[in-house]
Amino acid sequence: MTTSPDRRRSGADPGRSPRAAGPGRPARRDRHGRGLRGRLVPATVPLARTKAEIFDDLVLDTVEGLERRYAKELAGVEFAVEDVPPDLNVYDSDVLEDGEVPLARLLPGRPGRQELPPRIVLYRRPLEFRAMDREDLADLVHDVIIEQVANLLGVDPDELS
């Protein structure tokens with residue numbers, strides 16, 4: 001049986017469905033014709049977790065430990081994580097810095113009409129950059145949160161550790 005030149009160029013085979021090569025579109029398939037691949041790692045395996053999720057868990061672990069011991073003092077405090085610090089020319093004294101790079105920020109609450117609770121913001125990327133491994137990152141996150149909570153409560157960080 002001979003194959004016409006048009007059939008060879010379009011990539012259509014007599015046994016395949018016509019859906020593979022639509023009008024004006026060449027037939028495409030992935031490598032080895034096996035179809036699209038799924039996730040390489042199931043979602044339930046720890047390898048599937050992103051760096052941001054791991055960082056959030058480190059923050060939660062430290063915050064939960066502090067809230068168990070200082071529930072009354074930390075009742076209205078919000079904890080947040082941002083990827084990078086905002087672009088500001090000058091940072092206030094409420095920012096914990098390493099050199100010129102902010103690691104965390106304490107935003108004290110404002111009582112009054114527009115009541116805002118105190119908020120501690122950690123900057124994920126600068127903290128990850130300074131850590132050698134996951135354990136070092138956990139220690140760094142713990143130390144930064146302890147220092148910011150100590151500043152908020154007006155106590156020495158060694159009393160909270």
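Let me sum up the structure you'll find in this document. This is a predicted model, so every value here is computed, not measured.

Overall, mixed pairing links the four strands, which are arranged 1-4-3-2 in an open sheet. Lying at the two open borders of the sheet, with one neighbouring strand each, are strand 1 (78-82) and strand 2 (95-98). Adjacent strand axes in the sheet meet at a mean angle of 15 degrees when their direction is disregarded. One ladder, built from four bridges, connects strand 2 with strand 3 (residues 101-107); its direction is antiparallel. Across the sheet, Val-95 pairs through a bridge with Arg-105, a residue of strand 3. Here helix 4 (residues 134-153) sits on the sheet and contacts strand 1, strand 2, strand 3 and strand 4 (119-123); the angle it forms with strand 3, its principal contact strand, is near 40 degrees.

Sheet faces and side chains relate simply in a regular strand, where the side chains alternate between the two faces. Counted residue by residue, strand 3 has five buried out of seven residues, so it is predominantly covered. As consecutive antiparallel partners, strand 2 and strand 3 are separated by two residues, and within that stretch Gly-99 has a phi angle of approximately 70 degrees, a positive value. Note: strand 3 against strand 4, four bridges, orientation antiparallel. Paired with Ala-104 across the bridge in strand 4 is Leu-122.

Cut-offs and rules
- Residues numbered from 1 in each chain as written.
- Predicted model: local features only at pLDDT ≥ 70, side-chain atom pairs only at ≥ 80, totals over all residues.
- Heavy atoms only, no water.
- Pairing = 2+ DSSP bridges.
- Helix = DSSP H or I, 4+ residues; strand = E, 2+ residues; numbered from the N terminus.
- Axes fitted to C-alpha atoms, helices over the stretch in contact; angles between N-to-C directions.
- Contact = heavy atoms within 4.5 Å.
- Buried < 20%, exposed > 50% of the residue type's maximum accessible area, 1.4 Å probe, protein only.

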